Amino acid sequence: MNEVVADRWILDRPNSYIGRSVPRPNAPRLAEGRGTFVDDIELKRMLHATYVRSPYAHARIKSIDPAAAKALPGVVAVVTPQEMAKIHDPWVGVLTHLEGIKSAPQYALPLEKATWQGEAVVAVVANTRATAEDAAALVEIDWEVLPPVTDAETATEGETPLIHNDLGDNQAWQRKADFGDVDAAYADADHVVEETFVFGRHTGVCLESRGLVADFEPSEEQLTVWHNNQCPHMVQNILADKFRLEEHKVRVITRDVGGSFGIKVHTYADEVATVGLSIMLKRPVKYIADRLESFVGDIHARDHRVKGKISVKNDGTITAFEIDDLTGIGPYSMYPRTSGIEANQVVNMIGGPYRFDNYRAVANVVYQNKAMMCQYRAVGHPIKCAVTEGLVDKAAKILGMDPAEFRQKNFHSDDSYPTKSAQGMPFENLSHEECMKKMLEAMDYNALKADRDAKRKDGIYRGIGFASFIEVTNPSAMFYGVGGARISAQDGATLRLDAKGNVFISTGATEQGQGMEAVISQVAATAVGVPPERLKIITGDTEHTPYGGGTWGSRAAGIGGEAVAQAGRQLRVQILEAAAAMLQEDASTLDIRNGVVVDTDTDNERISLDEIGRICYYRPDTLPDGFQAELVATKHYVPRKFPFAFTNGAQASYLEVDVETGFINLINHWCVEDCGTVINPLLVDEQIRGGVVQGLGGALWEECLYDDQGQMLNANMADYLVPMAAELPDIECGHAVSPTSDSDLGAKGAGEAGTCGAPAAVMNALNDALSPFDARMTSMPFTPKKVLQALNKI
Amino acid sequence: MKPAPFAYAKASTLEDALSLLAEHGDDARILAGGQSLMATLNMRLSAPQVLVDINRIDGLAGINDTGDALRIGAMTRHSDVETSDLIAQHAPLIAAAVDHIAHPAIRNRGTFGGSIAFADPAAELPACAMALDATMHIAGLNGERDVPAADFFEGLYETAIQPGEILTGVSIPKIADGWKSGFMELARRRGDYAIIGIAAQAKFDGSTFGDARLVYFNAGDRPVSTPQTAALLNGQGWSDDMAEKLAASLKRELDPPDDLNADGPMRKHLAGVLAKRVLGPMAGA
């Protein structure tokens, strides 16, 4: 039995909003087009920046002639890398807990050479963006084109050119892991099954592209940045550090953010350069990445080649996993999270749902002259899941076992927690068995199999594919902080009762469009005892919110929400102390319900919150001598018992392959997952669905295509295929609920489960559909061309 | 992603537009629906000095019954073609094709004439115009001239429209008794340019083909008619054997290009699949 040490008081509150699909408080404003995104910010004397970007993947900058650009009317400045480097320090994307990772100093604008096609090299500032773009075309750069490093497989071979001479080679990092005795397991196994998996490089296409307005005020050396980053406090720290400013004089404001998905959690050189421009020019400067810039300027993700092995016994027992992962990450490791984390996650999480003792892994992370790679939604998860689940499916097939049954046989059973993975990852309380059982019921698995088999006789090739998974959420300081990154794992919330009995909430968690404000409002309303319409939520401002990590790693609800719960409870206690003083009652006999102080036992109304506000703020003279009302409460929270809250779930895909055209039609998709306490069922389901869609994108459509010269070939919305509604199946969601004991709320994250499992489910369904043929596909995305090639039709 | 500077002139009459084109020559581009032009301007793939806007010229939009044919004004929006009863009744091939053009918001702006005049080899309507033996009406300062579809598409984005001329409309012969049409395309996402597509029209005597025309799009530098393959159908009914013959013939007759989604051999293969899937049902098979 699990030892539940958390106090679940918040789940027992009267008038609870936990577990209800409360509408998002910001939805009407956004739906009416009244959001404030970065490009909506207009300041007096504001200038517009754009960047001359390298047309080459690898080229030395011999000289820059800005004269013609500077002469264009309306141009205010053309800034070279040398000029920019005078006012900032470079950064190096390494973390101490990724032992041995190395990277080169990265500057806002590259000093010697461009190392990927699309790298911003020269800044142009003008009165309008259009003029800046006109001028950018006039900047003359004399390039010495260098041979590019494009193929990760040969990046570290002797004859391959070096991207950074000072590093000595093109290897960014190598991670090895060895647990148990893999060789002995192989010797003892009935089957050792191998497969190589390829994951295309893709990116997260945000509706709102990256952007910022930087405003440096020289008299006070005050820098204010309106930014659509996910982590305002992290940006504050980095900008202060790199521009040698006082941290309290750097203010970062994030208003509405149109999607982030991990794309907006990094230090982008062009954004740092924009801040530098404002400091140099002493005027506000706006930079918005346009769609073409986004494709080569935003981080890319995935791009792994994994050779995997699984060993099994004839009775269906898994005995070992082994992987050899290779990933190319572009020319630098991204700051401050590094570009090693995705490979690290893959190594740490292979085989996650299953009991086995023997594991060996090597991951090689190499530099190449392509756009930079870093953390994107479900970092490493789709890779470790597809490798694990692809191997599991292949092993089940060799053993002649039903793939669902084979999984069920090998799961960590639901009554086995707490336990650890083969890699030593602590699992608090997972529910693989329950999730799979619920999903098989939702799918009507036997009927689905019958449908598939019947259609096959008519030459219609349908397939069913499963993916069980684990997911990292609620990351503690063990994730980045321990490695030296100034990324807050804790989060804080301040709740304040105003004079009308309304509650202001400021939190370090941030809204990216995912609905965090709704979750915060539900938790606060429940914890304090007020209806959500009496709440005002303040986020995304380093001057007005408690210090916090923002939104990443599926943490906003589980960590930010818990801080709000604790602060809400504290404010309730303080309000009741004031009420008790007024009513001459014992505070322990009172509660706040629906915005009114009541007797706990009888629910009789005693005094309203606006009356308490009135008395405390306007007539404190009427309160008993010596009583000072305190109507502001702040609490902070960070997970301490576990380095992260693992969640789990299962997905399934049902699809049809047109074996003449190679087209894949997704018929249905299921996901049953366990994110602990479900605060808002609708938002959780939409997180799952959105995540599934991004996973399907990587499985079927999305890929950053490069030629051998390092040129991205499809850097536009016509040729880079994001998933669209017409091609998507219904996505049915279900839940198991295993709350974490690391918090009272018990919520784990739900942001990445969908993305994690969808590609694996599709891959396994595809191979099930192709099983009548001598065809097996493991290279994503699964395009019609690849399907036809696998079927030997072309 | 801002366009390079350009001048803008709004023409109020056809003569006005033709005069503007004569005045500015190669520096001018016609702005119709902007379906393709606006994107190329913003991406700075084209940088004309002058845009001549023909959106406000009376009489360039609309679908008229001219007896044996429908005359579709050049400025007729795709969405109006899509909802036209005349098109549905008399030009079923166009009706089948039009909702494959991009998405509703784009179809509200994009124009029939713009698609024909732009002559993107991957577009649906040029292939349909070829299959239907449409007639293009082209106006110049010296008056209007007609060009049959077979002579209109001259190459990649190249047509019989001469500098200073404007496409004013397209006449589509009404489908006659005994004729059937078929349309299909393979796009990775609905609304994208197809990997390859087919527009077909044939006369039937019972289930026997006569006078078949097959036109493929995104199969060459212009809509590609395959008369040798079509000839195999004439006087014949549908059979599995016929499907194989057509596929083999198409591999000889087509020389499609490579791009990010497909190479030539894949397009040839898919051309045969499309022929089977479109022509079989047309013959009632």
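Scoring rules and cut-offs
Residues numbered from 1 in each chain as written. Chains lettered and ligands numbered in written order. Predicted model: local features only at pLDDT ≥ 70, side-chain atom pairs only at ≥ 80, totals over all residues. Heavy atoms only, no water. Buried < 20%, exposed > 50% of the residue type's maximum accessible area, 1.4 Å probe, protein only. Helix = DSSP H or I, 4+ residues; strand = E, 2+ residues; numbered from the N terminus. Pairing = 2+ DSSP bridges. Domains from an automatic or database assignment. Contact = heavy atoms within 4.5 Å. Buried area = accessible area lost by both parts, 1.4 Å probe. Salt bridge = Lys/Arg side-chain N within 4 Å of Asp/Glu carboxyl O. Phe/Tyr/Trp six-rings, centres within 6.5 Å; stacked < 30°, edge-to-face > 60°. Lys NZ or Arg CZ within 6 Å of the ring centre and 35° of its normal. Axes fitted to C-alpha atoms, helices over the stretch in contact; angles between N-to-C directions. Left-handed = near helix turned anticlockwise from the far one by under 90°. Nonpolar A, V, L, I, M, F, W, Y, C, P; charged D, E, K, R; others polar.

Novice: Now, about the pairing of strand S18 (residues 461–473) of chain A: what can you tell me, with residues and values included?
Specialist: Residue and element names in this part refer to chain A. By the criterion of burial, S18 is predominantly enclosed, with 13 of the 13 residues buried. The two faces of S18 match: Tyr461, Gly463, Gly465, Ala467, Phe469, Glu471 and Thr473 on one face and Arg462, Ile464, Phe466, Ser468, Ile470 and Val472 on the other face are all buried. Here S18 pairs with strand S26 (residues 645–657) via 13 bridges, running antiparallel. Counterpart to arginine 462 in the pairing with S26 is glutamate 656.

Novice: An account of the domain arrangement of chain A is needed here, citing residue identities and associated values.
Specialist: Residue and element names in this part refer to chain A. Under the domain assignment, chain A is made up of domain 1 (9–35 + 490–637), domain 2 (38–146 + 209–257 + 264–297) and domain 3 (300–477 + 641–790). Placing a centre on the C-alpha atoms of domain 1 and another on those of domain 2 gives a separation of 39 Å. Taken residue by residue, the interface counts 21 residues in domain 1 and 19 residues in domain 2. Counting the surface lost from both domain 1 and domain 2, the interface buries some 1500 Å², and carbon and sulfur atoms represent 41% of this. Sorting the residues of domain 1 by area buried against domain 2 places Gln512, Thr542 and Tyr547 first, and these three jointly supply 37% of that buried surface. Here domain 1 is connected to domain 2 by three salt bridges.

Novice: Describe unusual backbone geometry, naming the residues involved and giving the relevant values.
Specialist: Glycine aside, the phi torsion of most residues is negative, and most peptide linkages are trans. Each neighbour pair has its own omega, and for Tyr335(A) with Pro336(A) the value is -5 degrees, a cis peptide bond. By the secondary structure assignment, Pro336(A) is in the loop between strand S14 (318–328) and helix H9 (341–349). Cis geometry is adopted by the peptide bond preceding Pro418(A), which originates at Tyr417(A) and carries an omega value of 0 degrees. Here Pro418(A) lies in the loop between helix H11 (403–410) and strand S16 (419–420). Unusually for a residue other than glycine, Arg244(A) sits at a positive phi of about 55 degrees. Note on placement: Arg244(A) falls in the loop between helix H6 (232–242) and strand S11 (250–253). Unusually for a residue other than glycine, Arg44(B) sits at a positive phi of about 55 degrees.

Novice: Help me get a handle on the pattern of salt bridges, residues and values and all.
Specialist: Residues and elements named next belong to chain A. This structure, assessed with the given rule, holds 67 salt bridges over all chains. The partner of arginine 302 in a salt bridge is glutamate 342, with the nearest N and O atoms 3.0 Å apart. Placement of the pair is arginine 302 in strand S13 (residues 300–312) and glutamate 342 in helix H9, with a sequence separation of 40 residues. Here arginine 302 and glutamate 342 have matching classes, each one buried.

Novice: Explain the packing of aromatic side chains to me, and be specific about the residues and the numbers.
Specialist: Applying the stated rule across the entire model yields 18 aromatic pairs over all chains. Between Tyr56(A) and Trp143(A), the aromatic rings sit 5.9 Å apart at their centres with planes inclined by 75 degrees, giving edge-to-face as the arrangement. Here Tyr56(A) is found in the loop between strand S1 (47–53) and strand S2 (59–65), whereas its partner Trp143(A) is found in strand S6 (residues 140–145), with 87 residues between them in sequence. Arranged with centres 5.1 Å apart and planes meeting at 75 degrees, the rings of Tyr445(A) and Phe466(A) form a pair that is edge-to-face. Remark: Phe466(A) occurs in strand S18 and Tyr445(A) occurs in helix H13 (residues 445–457); sequence separation between them is 21 residues. Summarising the burial analysis for this pair, Tyr445(A) and Phe466(A) share the class buried. In this structure an aromatic cluster arises from ring pairing among Phe427(A), Phe479(A), Tyr480(A), Trp552(A), Phe644(A) and Phe646(A). If you follow Arg337(A) out to its NZ or CZ, it ends over the ring of Trp552(A), 4.7 Å from the centre. Positioned above the aromatic ring of Phe204(B) is the side chain of Lys180(B), whose terminal nitrogen or guanidinium carbon lies 5.1 Å from the ring centre.

Novice: I'd like a description of the packing of helix H11 (residues 240–253) of chain B against helix H12 (residues 264–282) of chain B, backed by residues and values.
Specialist: All names here are of chain B. At a minimum axis separation of 8 Å, H11 and H12 run at an interaxial angle of 145 degrees. Here the hand of the crossing between H11 and H12 comes out right-handed. Side by side, H11 and H12 meet where Ala243, Leu246, Ala247, Leu250 and Lys251 of the first sit next to Lys268, His269, Ala271, Gly272, Ala275, Lys276 and Leu279 of the second. Looking at side-chain class alone, the contact of H11 with H12 contains seven nonpolar, two polar and three charged residues.

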